[in-house]
Amino acid sequence: MPILVMKFGGTSVANLDRIARASKRVAREVANGYDVIVIVSAMSGKTNELVGWVGDTSPMYDAREYDAIVSSGENVTAGLMALRLQEMDIPARSWQGWQVPVKTTSAHSSARINEIPNDNIMEKFGEGMRVAVVAGFQGVSPEGRITTLGRGGSDTTAVAFAAAFEAERCDIYTDVDGVYTTDPRLTDKARKLDKIAFEEMLELASLGAKVLQTRSVELAMRYKVKLRVLSSFEEYDPEAGTMVCDEEDIMESKVVAGVAYQRDEAKMTLISVADRPGIASAIFTPLAEAGVNVDMIVQNISEEGRTDMTFSCPVDQVARAERAMAEAKDSGEINFHDLVADTDVAKISVVGIGMRSHTGIAAKMFDVLSAEGINIKVITTSEIKISVLIDRKYMELAVQALHDAFELEKA
Ligand code: ASP
Ligand code: MG
């Protein structure tokens with residue numbers, strides 16, 4: 001029988017009623033002729049609570065115990081969903097990550113999946129089991145300890161199972177009905193997309209459209225897993241949601257697929273650093289070692305052997321970046337006149353695979369922002385994305401104006 005992977009996020013299994021509702025969707029797919037692998041998250045809020053308990057007990061906690069504790073929310077929902085399905089006379093059982101086993105690296109709290117052997121579950125399907133309910137987010141290290149895949153990791157579990165079992169599709173049930181052209185909270189013109197290419201979704205996911213964990217999209221792209229994002233709250237509709245798929249499966253794509261934003265950015269400028277070979281490495285190595293997620297980087301024009309270096313990072317990492325730079329200065333690795341932090345900026349990006357073959361998208365974006373009197377502070381581009389830093393107070397205006405200008409409300 002063909003295999004379908006269905007993943008239910010925390011809000012879709014938040015209580016017993018919702019678990020019953022989700023189970024009905026599973027039952028429908030079983031009736032449609034699928035053997036189903038269900039991946040469940042913990043009930044919404046549960047993982048946060050567990051993370052809090054760990055910190056309250058041990059501020060410098062042992063990462064192996066952290067994983068043992070925070071993975072437990074998924075065990076509960078997996079067992080409950082299996083029981084619910086059994087009550088509906090559907091042969092089902094639960095699996096924890098180590099039982100499958102989901103073999104991961106030993107990088108606790110951010111482990112990567114190495115392998116998912118499919119023989120245990122396939123054997124049970126062969127014996128008549130119709131649903132394997134698997135606890136998402138968790139695995140087992142080579143040392144035999146429980147691991148977790150990072151927050152939001154059950155999306156990655158779902159895609160990895162779809163790849164390992166060659167599932168026909170991976171349906172991600174969540175509390176939104178799909179992927180939108182932009183955040184519907186910023187403009188009521190935001191439109192749900194029927195289809196989006198993996199690469200576009202990757203940009204949107206990493207840019208803060210929090211529908212899917214970024215790694216799950218990377219994995220889906222690599223293994224060409226057909227991903228569908230849909231709501232578990234709407235009535236059943238086989239056409240619902242957004243398909244995340246290969247570029248070739250999108251016949252007529254728009255040049256711009258969406259406008260993304262990141263509210264809490266900071267722009268940091270090192271004033272007057274020596275313009276010499278190795279300077280970028282001398283700046284960004286200590287930043288990386290301090291755990292600063294540097295995003296945009298611009299080196300300014302050089303005069304008399306000195307230059308300014310600008311980079312952006314999340315606003316809550318500014319103190320860390322300042323400390324790393326002060327230490328590098330004290331140790332003599334770099335020398336700069338001043339470090340100026342602008343903590344009131346936001347990043348706006350337009351994303352679309354059509355940019356590869358269309359010119360003028362950047363010019364149009366800058367035009368739109370200038371017409372609104374919005375000053376651009378930093379610009380970066382990639383093949384399918386243009387990003388700018390602007391003052392945070394103009395963020396919503398910029399998103400709305402760009403959404404209008406690129407006519408994203410129209411299909
Ligand atoms: N329960 C985990 C979390 O909240 C994993 C997930 O839901 O994807 O991060
Ligand atoms: Mg999630």
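Residues numbered from 1 in each chain as written. Chains lettered and ligands numbered in written order. Predicted model: local features only at pLDDT ≥ 70, side-chain atom pairs only at ≥ 80, totals over all residues. Heavy atoms only, no water.

Engineer: I would appreciate a short explanation of the overall build of the protein in the present structure.
Structural biologist: A tally of helices and strands in the protein yields twelve helices and 18 strands. Principal-axis analysis of the C-alpha atoms places the extent of the protein at approximately 75 × 50 × 30 Å. Each of the 411 residues in the protein was classed as buried or not, and the buried ones make up 49%. Relative to all contacts within the protein whose residues are 6 or more apart in sequence, the contacts with residues 24 or more apart total 75%. Within the protein, one finds 44 positive and 62 negative side-chain charges whose respective centroids are separated by 3 Å. (Helix = DSSP H or I, 4+ residues; strand = E, 2+ residues; numbered from the N terminus. Buried < 20%, exposed > 50% of the residue type's maximum accessible area, 1.4 Å probe, protein only. Contact = heavy atoms within 4.5 Å. Lys, Arg positive; Asp, Glu negative; His and termini not counted. Charge placed at Lys NZ, Arg CZ, Asp CG, Glu CD.)

Engineer: For this particular structure, what's the right way to read helix α9 (residues 279–289)?
Structural biologist: Turn by turn, an α-helix covers 3.6 residues, leaving residues three or four places apart pointing in a common direction. The set of residues buried in α9 consists of Ile-279, Ala-282, Ile-283, Phe-284, Pro-286 and Leu-287. Those residues of α9 that are buried are in contact with β13 (258–274), β14 (297–299), β15 (306–314) and α10 (318–330). Just beyond α9, the residue with positive phi is Gly-291, at close to 80°.

Engineer: When you look at the packing of aromatic side chains in this model, what are you seeing that I'm missing?
Structural biologist: For any two aromatic rings, the description comes down to two numbers: the centre-to-centre distance and the angle of the planes. Tallied over the full model, the rule gives four aromatic pairs. For the ring pair Phe-8 and Tyr-173, a centre distance of 4.8 Å and an interplane angle of 15° mean the geometry is stacked. Linking Phe-8 in strand β1 (residues 3–8) with Tyr-173 in strand β9 (residues 169–174), this pair joins segments that are 165 residues apart in sequence. Take Phe-8: its relative accessible area is 0%, and that puts it in the buried class. Take Tyr-173: its relative accessible area is 1%, and that puts it in the buried class. Seen from their ring centres, Tyr-61 and Tyr-66 are 5.1 Å apart, and the 20° between their planes marks the pair as stacked. Tyr-61 sits in the partly exposed class, given a relative accessible area of 38%. Between Arg-28 and the ring centre of Tyr-236, over which it is positioned, the NZ or CZ distance is 4.2 Å. In this structure, Arg-93 packs its charged tip against the face of Trp-95, placed 3.5 Å from the ring centre. (Phe/Tyr/Trp six-rings, centres within 6.5 Å; stacked < 30°, edge-to-face > 60°. Lys NZ or Arg CZ within 6 Å of the ring centre and 35° of its normal.)

Engineer: Before we go on, may I ask you to explain the side chain of His-403 in this structure?
Structural biologist: Here His-403 lies in helix α12 (residues 395–405). Residue His-403 is classed as buried on the basis of its relative accessible area, which comes to 0%. A polar side-chain atom of His-403 sits 2.6 Å from a polar atom in the side chain of Thr-181. Ignoring any residue separated from it by four or fewer positions in sequence, one finds His-403 in contact with Thr-181, Thr-182, Thr-187, Lys-189, Ala-190, Arg-191, Val-259, Leu-408 and Glu-409. (Polar contact = N/O pair within 3.5 Å; in protein donor to acceptor, adjacent residues only side chain to side chain.)

Engineer: How should I be thinking about the state of the cysteines in this particular structure?
Structural biologist: Linking two cysteines covalently through their sulfur atoms gives a disulfide. Under the criterion given, the structure shown has zero disulfides. Free cysteine: Cys-170, not disulfide-bonded; nearest cysteine sulfur from Cys-245 at 14 Å. (Disulfide = S-S within 2.5 Å.)

Engineer: Explanation requested: the environment of Arg-169 in the structure shown.
Structural biologist: Relative to the assigned elements, Arg-169 resides in strand β9. Along the sequence, Arg-169 and Met-243 sit 74 residues apart, while their C-alpha atoms lie 9.8 Å from each other. Beyond its immediate chain neighbours, meaning those up to four positions away, Arg-169 contacts Ile-3, Leu-4, Val-5, Tyr-34, Lys-226, Arg-228 and Met-243. At 2.8 Å, the side chain of Arg-169 and the side chain of Asp-171 are in polar contact.

Engineer: Please explain a positive patch on the surface as it appears in this structure.
Structural biologist: Taken together, Arg-18, Arg-21, Lys-24 and Arg-84 make up a surface patch of like positive charges. Secondary-structure assignment places Lys-24 in helix α1 (residues 16–31). When its relative accessible area of 57% is taken as the criterion, Lys-24 is described as exposed. (Patch = residues over 30% accessible without salt bridge, like charges linked within 9 Å, V, L, I, M, F, W, Y side chains within 5 Å. Areas by Shrake-Rupley, 256 points an atom, 1.4 Å probe, with all protein chains shown as cover. Salt bridge = Lys/Arg side-chain N within 4 Å of Asp/Glu carboxyl O.)

Engineer: How should I be thinking about the sheet that holds β15 in this particular structure?
Structural biologist: The strands making up a sheet associate through backbone hydrogen bonding, with each pair oriented either parallel or antiparallel. The strand order across the open sheet formed by six strands is β14-β15-β13-β16-β18-β17, and the pairing between neighbours is antiparallel. Each edge of the open sheet is held by one strand with a lone partner, namely β14 and β17 (378–382). Sheet twist, expressed as the average angle between the axes of neighbouring strands with direction ignored, equals 25°. Packed onto the sheet, α9 meets β13, β14 and β15 and runs at close to 25° relative to β15. (Pairing = 2+ DSSP bridges. Axes fitted to C-alpha atoms, helices over the stretch in contact; angles between N-to-C directions.)

Engineer: What am I meant to see in the environment of Ala-197 here?
Structural biologist: For Ala-197, the position within the fold is in strand β10 (residues 195–197). For the pair Ala-197 and Val-217, spaced 20 residues apart in sequence, the C-alpha separation works out to 10 Å. Beyond its immediate sequence surroundings of up to four residues, Ala-197 is in contact with Val-244, Cys-245, Glu-247, Ile-250 and Ile-353.

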